[in-house]
Amino acid sequence: MRPRLRWPSWLPNRVPPGLLGAIRAASPLAWTLGVLGVLGALGAWRLGWDELAVVATGCAVVLGLASAFLFGRSSVQAILELEPRRVSVGDESVARIAATHVGTRALLPSRIEAEVTGHGVMGLDVPALRTGEHVEEIFVIRAARRGLVSAGPARVVRGDPLGLFHREVALTPAVELYVHPRTVRLPAMSTGWLRDLEGRANDELSNSDVAFHALREYAPGDDRRHVHWRTSARLGRLMVRQFVDTRRAHLGLVLSTDSEDYAGDDEFELAVSVAASIGRSALTEDQTLTVVAGTELIPGSRIEPFLDAMCIIEPSRTGRRGEGSTSGVAPAVARARARFRRASSVVVVSGSGSSVGELRAAAQRLPQTATVTIVRTELGAQASRRRVGQMIVVSVGALEDLASGLRAPVGARR
C-alpha cells in the first residue's frame, strides 16, 4: 500500500470535490516537489536567482505532467467473483477478476487490485484494450482458519510512472467468503441419543395428544371424540382415552465462548467444530435445533445459516472468573434455559478449563425433563464417556474422536 497523508475531518467540507480528489491522490513525494517549487519561485522573485526559477519551473512541469494521468473516466467494467462462496477450513476458493473495455476510445494500460482480508492483494494488469476486449486472472484463496474473509472491492489504480499521484476508483462491491468450521458427519448410531422423530413422552397427562396412556371415566368438558365406546358399553358408563404429552425431538445446543474455559485458541476451535458437527447432524435428521453461543442466539433453522453464524464466533475475553461472575459455562447455560423449555436433549460444549463442579451447576440449571450431555474438549485427550450425576460427560481430544466418544459405553475409554 502506498503511503497517504491524513487530512483533518473538516477539510472535505471546505474544499471543492475536484480539488479534494487531486489532494487525496497526491503522494508525500508530490507534496515535497510542490513545496520545493513554491520555495524556489519565492526565492527567485525575492533574490532574483535564475537557478531557483529553473527549479520552480521544473517542479511545476513534473507535477503537471504527472497529474495528467489522473484525468478522464475509467471505461473498464470489472467483475469480481468467488467460487464457492462457502468453504470449510482447509478448503480452497477460486477468485476471478475480469476486466472489459466498454468505452469507445483506446484504453491505456492500467491495473486492477482487490484486497483480500488476511491474504494480501490480488492484482490484474490490464493492457491496452480495444472496445469489447477483456482480460481476466484467476487466484486461489486457501481457507487456513475459520472466519469471514472479505475480498474487494476491485479498484482500478491510476497513477503516473514516477509515483507522484495515485488514484483508486471502486469498480465492484466487496464479496464475502464464509470459512465454516471443520465438521465431521455423525452416523445415525452416534446421534441416537438425541434422535426422537415420533416425539418423546413424559409424565405430563394430556386430554389431546397422540400417545395413548389409559382409560378413565368421562368428565364434563371432555372431547366426545375420545370416548372409547366398546369399553363404555361393557362397563355401562362412559370411558374416555387418557393421553400423555409428547415432545418432538428438540435439541438445545450451548457453546461456551468464555476464554477461561479453554486452554488456548486451538481448543476453542475444536469446541466450535464439535458444536458445528452436532448441530449439523441434528439439522440433517430434521430435528428442531436451538443454539446459544455465549450470549448470542445462533440461527438453527437450516444448515447454511447455522454454519455461517458459527464461522464468526469469537472467544470472549472476560478475565479470570471469581465468585458472582457472569462468565463461564454455568451462567451461559442459565441464560439459555428459557429457550430450552421444550428441549428433549441438551448438549453443552465447553473446554478443559471447566471444572466438574461448574458442569454440575450447569446441568442443574437445565430442564429436568431433558437429557443433558456435556462435551469437554481437551487437545490430545482420549475419547471417553462417563456419567456424572444425572448428566453424561464426553471428553474429546480430536474432532475425529467425536463420533466414537458419543457412542462409547458409559465409563469406557478408547
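Structure: see above.
Counting restarts for each chain: residues are numbered from 1 in the order of the written sequence. Since the coordinates come from a predicted model, pLDDT governs what is reported: local features require at least 70, and pairs of side-chain atoms require 80 or more to be given and counted, while whole-chain, interface and lining totals use all residues. Water and hydrogen atoms play no part in the side-chain values, which are based on all heavy atoms of the structure.

Enquirer: Would you take a moment to explain the overall build of the protein for this structure?
Expert: Each helix is a run of H or I in the DSSP string that is no shorter than four residues. Each strand is a run of E no shorter than two, and both are numbered from the N terminus. Looking only at helices and strands, the protein has nine helices and 21 strands in total. Per-residue burial for the protein yields a buried fraction of 45% across its 414 residues. Pairs of residues are marked as contacts when any of their non-hydrogen atoms sit within 4.5 Å. Sequence separation of at least 24 residues holds for 68% of the intrachain contacts in the protein that already meet a minimum separation of 6. Every accessible area reported is derived by Shrake-Rupley at a probe size of 1.4 Å, with residue values counting cover from the shown protein chains alone. Taken as a whole, the protein presents about 22,900 Å² of accessible surface, with 53% of it coming from carbon and sulfur. Each residue's exposure class comes from its accessible area (1.4 Å probe, protein chains only) as a fraction of the maximum for that residue type: buried when under 20%, exposed when over 50%, partly exposed otherwise.

Enquirer: Where do I start with the nonpolar core in this structure?
Expert: The nonpolar side chains of a soluble globular protein tend to be buried with one another. Here, the term nonpolar core denotes a set of buried Ala, Val, Leu, Ile, Met, Phe, Trp, Tyr and Cys residues that are joined through side-chain atoms within 4.5 Å. Ranked by size, the top nonpolar core spans 35 residues in total, and within it Leu255, Ile278, Met310 and Val349 carry the most contacts. When residues of this core are traced back to their parent elements, those giving at least two are strand S14 (250-255), helix H5 (265-284), strand S15 (288-293), helix H6 (303-310), strand S17 (345-351), strand S20 (391-396) and helix H9 (402-407). Per-element tally for this core: the top contributor is H5, with 10 residues.

Enquirer: Please explain H6 as it appears in this structure.
Expert: In an α-helix, one full turn covers 3.6 residues, which means residues spaced three or four apart are oriented alike. Inspection of H6 places Phe306, Leu307, Asp308, Ala309 and Met310 among the buried residues, and these make up the whole buried set. Residues of H6 that are buried make contact with strand S2 (86-88), strand S10 (175-180), S14, H5, S15 and strand S16 (296-298).

Enquirer: What's the story with the environment of serine 256 in this structure? I'm lost.
Expert: Note that serine 256 resides in the loop between S14 and H5. With a relative accessible area of 1%, serine 256 lands in the buried category. Serine 256 sits 59 residues away from proline 315 along the chain, and the two C-alpha atoms are 8.5 Å apart.

Enquirer: Sorry, what's going on with the sheet that holds strand S3 (residues 92-101) here?
Expert: Strands pair in a sheet through their backbones, by hydrogen bonds, and they do so in one of two ways: parallel or antiparallel. Whether two strands pair depends on DSSP finding at least two bridges between them. Taken together, three strands build an open sheet; the order of strands is S1-S3-S6 and the sheet is antiparallel. The two strands at the open ends of the sheet, each matched to only one other strand, are strand S1 (76-83) and strand S6 (134-142). Ignoring which end each strand starts from, the neighbouring axes of this sheet average 15 degrees apart. With eight bridges joining them, S1 and S3 adopt antiparallel strand pairing. Lines are fitted to the C-alpha atoms to define the axes, a helix being fitted only along its stretch in contact, and any angle between axes, read from their N-to-C directions, falls within 0 to 180 degrees.

Enquirer: Quick question: what am I supposed to make of the pattern of salt bridges here?
Expert: Working definition: two side chains of opposite charge can pair if their charged atoms are close together. Note on definitions: salt bridges are taken to be side-chain nitrogens of Lys or Arg within 4 Å of carboxyl oxygens of Asp or Glu. This structure, assessed with the given rule, holds 11 salt bridges. The residue glutamate 400 makes a salt bridge to arginine 182 at a minimum N-O spacing of 2.8 Å. Of this pair, glutamate 400 sits in the loop between S20 and H9 while arginine 182 sits in the loop between S10 and strand S11 (200-206), and the two are 218 residues apart along the sequence. Classification of arginine 182 by relative accessible area gives partly exposed; the value is 37%. When salt bridges that share partners are traced, they join Glu81, Arg96 and Glu136 into one network.

Enquirer: For this particular structure, what's the right way to read the environment of isoleucine 79?
Expert: Within the secondary structure, isoleucine 79 sits in strand S1. Distance from isoleucine 79 to glutamate 136, taken between C-alpha atoms, is 9.0 Å for residues 57 residues apart in sequence. Look past the residues within four positions of isoleucine 79 in its chain and what remains in contact with it is Arg96, Ile97, Ala98 and Thr172.

Enquirer: I'm lost on the packing of aromatic side chains in this one. Help?
Expert: To describe a pair of aromatic rings, you give the distance between the ring centres and the angle between the ring planes. For Phe, Tyr and Trp, rings pair up if their centres lie within 6.5 Å, where Trp contributes its six-membered ring, and each pair is then called stacked (planes under 30 degrees apart), edge-to-face (over 60) or tilted (otherwise). Summed over the entire model, instances satisfying the criterion amount to one aromatic pair. Seen in terms of ring centroids, tyrosine 262 and phenylalanine 268 are 5.2 Å apart; in terms of plane orientation they differ by 85 degrees. Their pairing is edge-to-face. Note on tyrosine 262: relative accessible area 8%, which makes it buried. Judged by relative accessible area, phenylalanine 268 falls into the buried class, the value being 2%.

Enquirer: Explain unusual backbone geometry to me, please; I cannot follow it from the model alone.
Expert: Across residues other than glycine, the phi torsion is negative in most instances, and most of the peptide bonds are trans. At the junction of glutamate 83 and proline 84, the peptide bond is cis and its omega measures out at 0 degrees in the coordinates. When you line up the elements, proline 84 lands in the loop between S1 and S2. With omega at 5 degrees, the peptide bond leading from glycine 152 into proline 153 counts as cis. Secondary-structure assignment places proline 153 in the loop between strand S7 (147-151) and strand S8 (155-159). Phi is positive for aspartate 286, close to 60 degrees, though the residue is something other than glycine. Position of aspartate 286 among the secondary structure elements: in the loop between H5 and S15.

Enquirer: Teacher, can you tell me more about the side chain of serine 277 here?
Expert: Among the secondary structure elements, serine 277 is positioned in helix H5. Given the relative accessible area of 0%, serine 277 is considered buried. Identification of polar contacts relies on pairs of N or O atoms within 3.5 Å, with a donor-acceptor requirement for protein atoms, meaning one able to donate a hydrogen and the other able to accept it, and with residues adjacent in sequence counted only if both atoms are side-chain atoms. At 2.8 Å, the side chain of serine 277 and the backbone oxygen of serine 273 are in polar contact.

Enquirer: So what exactly am I meant to see when it comes to the pairing of strand S18 (residues 371-377) here?
Expert: Within a regular strand, side chains alternate between the sheet's two faces. Taking burial as the measure, the seven residues of S18 include six buried ones, the bulk of the element. Here seven bridges tie S17 to S18, and the two strands are oriented parallel to one another. From the neighbouring strand, valine 349 faces S18, where its bridge partner is valine 375. If the strands point away from the viewer and the path from the first strand over the helix to the second runs clockwise, then the crossover is right-handed. Note on the crossover from S17 through helix H8 (residues 356-364) to S18: the handedness is right-handed. In this sheet, S20 lies alongside S18 in parallel orientation, the contact comprising five bridges. Bridge pairing in S20 places arginine 376 opposite serine 395.

Purely geometric stuff here, so don't read any function into it on its own.
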